[in-house]
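So the chains spell out like this:
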Amino acid sequence: MGLVSPVGGALDRAWENVCAGDGQIEPITDFDASTYPTRIAGTVRDFNVDDYLSTKDQRKNDPFIHYGIAASVDALRDSGLEINEDNGHTIGVAMGSGIGGIKFIEDSYEKLLAGGVRKVSPFFIPGSIINMTSGQVSILQHLTGPNISIVTACATSTHCIGIAGRTIAYGDAEVMLAGGSEYATTPVAMAGFCAARAMTTRNDDPRAASRPFDVDRDGFVLSNGAGCVVLEELEHAKKRGARIYAELIGFGMSGDSYHITSPPADGEGARKCMTAAIRDAGIDPSEVDYLNAHGTSTPAGDAGETVAIRRTFGAAADTLMVSSTKSTTGHMLGAAGVAEAIFAIQAIQHQAIPPTINLDNQDPACDLDYTPNTARDAAVKTVMSNSFGFGGTNGSLVFRAYT
């Protein structure tokens, strides 16, 4: 697993920070946001792109690609997988993004206006299109297996992981690098989300701004980051003596067919998605110990997900442990799903539940056990991670401890 996030990049440190509720949600300093209704974001501060790319290659790519390459390199290192001319064709990549190279686009447009066509880089298009994280990772690592990119807004990296798993199950690859990356804290992207009134305006208290399931929640905190997991066919992993964090046993998808940005109040799309993932896993809903919720801190989204969880799990919902790590990380859009899958897997590894911080006054409409404010030791064998995106697109993953 590899991670670039507002809670850090090193896996153990990121886990410690998310359990402690220690993130990098802070005032925006990359541009003048003084006139914006939202002036805070989740930032990545402990990242050095020089560790992954030359200065020349950095200039050719948007920061979301920098992050995605870094997460994939770290994931490969963590996996211990050796790539050579004999196995490169069996290894593929599925890395996506919700928005892609919007900073590169904004910067290139400014250059066009200021100096004309000659000022626009010939790398503008390949340096900003969403599939180029997969493309660059494939090229840099000499991987000639499937090279794909899925774009489903905030469900992007969850879908990339799920489809990558099915690519392996279908026999098209033995190993897939899967995840997503995002760098969307730019002037235009922030302005767009502000115009949609989707983000919090709690600018005076940044680290308390993301408060899923709290009665005072008022929108999400936009964050940057990336994540990658190395998925491997089980016998292939066992043969090489790989350390196995967990087994991907279930994946579900659905569409709300309701609204471009809001979920239905009855959570029907999310229910279908979770139910499909549980059915694919071949388990009973009561076997899920922990659920990392989509939980963005929006009024409609958190309430709808709560209803959906209750409808999916029935009586088991009362004993299900739930949390939203977005309360600490903010919302990394296309990278959110993979980051939360990593935290869910770490819950298995550490036998602990990360908290939903800032849950000071729980909304009566959100009536589940959200692990408020403090991490909790618990027996964890099976976990679920949810991601729901604009356009009514939904994805759920189920992981189980491997024994």
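The preceding data block contains the structure.
Now for a look at the structure at hand. Please read all numbers here as calculations on a predicted model, not as lab measurements.

Next up on the list: the overall build of the protein. Helix and strand content of the protein: twelve helices and 14 strands. In terms of overall size, the protein behaves like a compact globule, its C-alpha atoms giving a radius of gyration of 20 Å where 403 residues would be expected to give roughly 22 Å. Taken over the C-alpha atoms alone, the protein extends approximately 65 × 55 × 40 Å along its principal axes. Of all 403 residues assigned to the protein, the portion counted as buried reaches 59%. Long-range contacts, defined here as pairs at least 24 residues apart, represent 78% of the contacts in the protein between residues at least 6 apart. About 15,900 Å² of surface is accessible on the protein, with carbon and sulfur atoms providing 51% of the total.

Below, the discussion takes up the nonpolar core. Counting 44 residues, the largest nonpolar core has I161, V229, Y290, F343, V380 and F399 as the members making the most contacts within it. Breaking this core down by element, the ones donating at least two residues are α1 (11-20), α6 (156-170), β6 (175-182), β7 (225-232), α12 (336-350), β11 (352-353) and β14 (393-400). Tallying contributions element by element places α12 first for this core, with ten residues. Excluding anything up to four places from it in sequence, V380 contacts D289, Y290, A347, I348, Q351, A352 and I353.

Before going further, it helps to examine the pattern of salt bridges. By the definition in use, this model includes 22 salt bridges. In this structure, K272 engages E268 in a salt bridge whose closest nitrogen and oxygen atoms are separated by 3.9 Å. You can see K272 and its partner E268 sitting in helix α9 (residues 268-281), four residues apart, about one turn around the helix.

Moving on, we come to helix α5 (residues 132-141). Most of α5 sits inside the fold, with eight of its ten residues counted as buried. Those residues of α5 hidden inside the fold are in contact with α3 (63-79), β4 (91-96), β5 (147-148) and β6. The positive-phi residue at the C-terminal boundary of α5 is H142, with phi of around 60°.

Let's shift gears to the side chain of S385. Position of S385 relative to the elements: it lies in strand β13 (residues 382-389). For S385, a relative accessible area of 0% puts it in the buried group.

We now examine the side chain of T312. Assignment of secondary structure puts T312 in helix α10 (residues 299-313). For T312, the side chain forms a polar contact with the main-chain oxygen of A308, separated by 2.8 Å.

This part takes up the sheet that holds β4. Reading across from one edge, β1-β7-β6-β4-β5 is the order of the five strands in this open sheet, with mixed pairing throughout. Looking at which strands have only one partner, the edges of the open sheet turn out to be β1 (2-4) and β5. Relative to β7, β6 runs antiparallel, the two being bridged by eight bridges. Bridge pairing in β7 links E182 to G225. Against the sheet, α6 contacts β4, β5, β6 and β7, and its axis sits at roughly 170° relative to β6.

Another aspect to go through is the packing of α1 against α12. Where α1 contacts α12, the two axes come as close as 11 Å, and the packing angle between them is 90°. Considering the angle they form, α1 stands roughly perpendicular to α12. Seen from α1, the contacting residues are L11, D12, A14, W15 and V18; seen from α12, they are I342, F343, Q346, A347 and H350. Looking at the contact of α1 with α12 residue by residue, the class counts come to seven nonpolar, two polar and one charged.

In this structure, S297 is a non-glycine residue whose phi angle is positive, near 85°. The residue S297 is located in the loop between β9 (290-292) and α10 in this model. In the Ramachandran plot, N373 falls in the positive-phi region, its phi being about 70° despite a non-glycine side chain. Secondary-structure assignment places N373 in the loop between β11 and β12 (376-377). Here N373 falls in the partly exposed class, since its relative accessible area comes to 34%.

This part takes up the sheet that holds β14. Read across the open sheet, the five strands follow the order β8-β14-β13-β9-β10; overall the sheet is mixed. In this open sheet, the two strands that pair with only one neighbour each are β8 (247-255) and β10 (321-323). The average undirected angle you get between the axes of adjacent strands in this sheet is 15°. In terms of strand pairing, β8 meets β14 through eight bridges, oriented antiparallel. When the bridges of β14 are listed, L248 appears paired with F399.

About the thresholds
Per chain, residue numbering runs from 1 following the sequence as it is written. Thresholds applied to this predicted model are a pLDDT of at least 70 for local features of residues and 80 or more for the giving and counting of side-chain atom pairs; totals over whole chains, interfaces and linings are not thresholded and use all residues. Calculation of side-chain values draws on the structure's entire complement of heavy atoms; hydrogens and water are dropped beforehand. In this description a helix means any DSSP run of H or I spanning at least four residues, a strand means any run of E spanning at least two, and both kinds are numbered starting from the N terminus. As defined in this context, the radius of gyration uses C-alpha atoms, and a globule is described by 2.2 Å times the residue total to the power 0.38. Relative accessibility decides the category of a residue: with a 1.4 Å probe and only protein chains considered, values under 20% of the type maximum give buried, values over 50% give exposed, and everything between is partly exposed. By definition in these notes, contact holds between two residues if any of their heavy atoms fall within 4.5 Å. Per-residue and other accessible areas were derived by the Shrake-Rupley procedure at a 1.4 Å probe size, with only the shown protein chains allowed to occlude residues. Here, nonpolar core refers to any group of buried Ala, Val, Leu, Ile, Met, Phe, Trp, Tyr and Cys residues whose side-chain atoms link them within 4.5 Å. The term salt bridge refers to a pairing of a side-chain nitrogen on Lys or Arg with a carboxyl oxygen on Asp or Glu at a separation within 4 Å. Pairing of N or O atoms within 3.5 Å defines a polar contact, subject to two protein rules: one partner must be a possible hydrogen donor and the other a possible acceptor, and residues neighboring in sequence count only if both atoms are side-chain atoms. A pair of strands is considered paired only if DSSP assigns at least 2 bridges between the two. Every axis in this analysis is a line fitted to C-alpha atoms, fitted for helices over the stretch in contact. Angles between the N-to-C directions lie between 0 and 180 degrees. Orientation is classified from the angle alone, with under 35 degrees giving roughly parallel, over 145 giving roughly antiparallel, 65 to 115 giving roughly perpendicular, and any other angle giving oblique. The classification used treats Ala, Val, Leu, Ile, Met, Phe, Trp, Tyr, Cys and Pro as nonpolar, Asp, Glu, Lys and Arg as charged, and all other residues, Gly among them, as polar.

The values reported here are purely geometric and, on their own, carry no functional implication.
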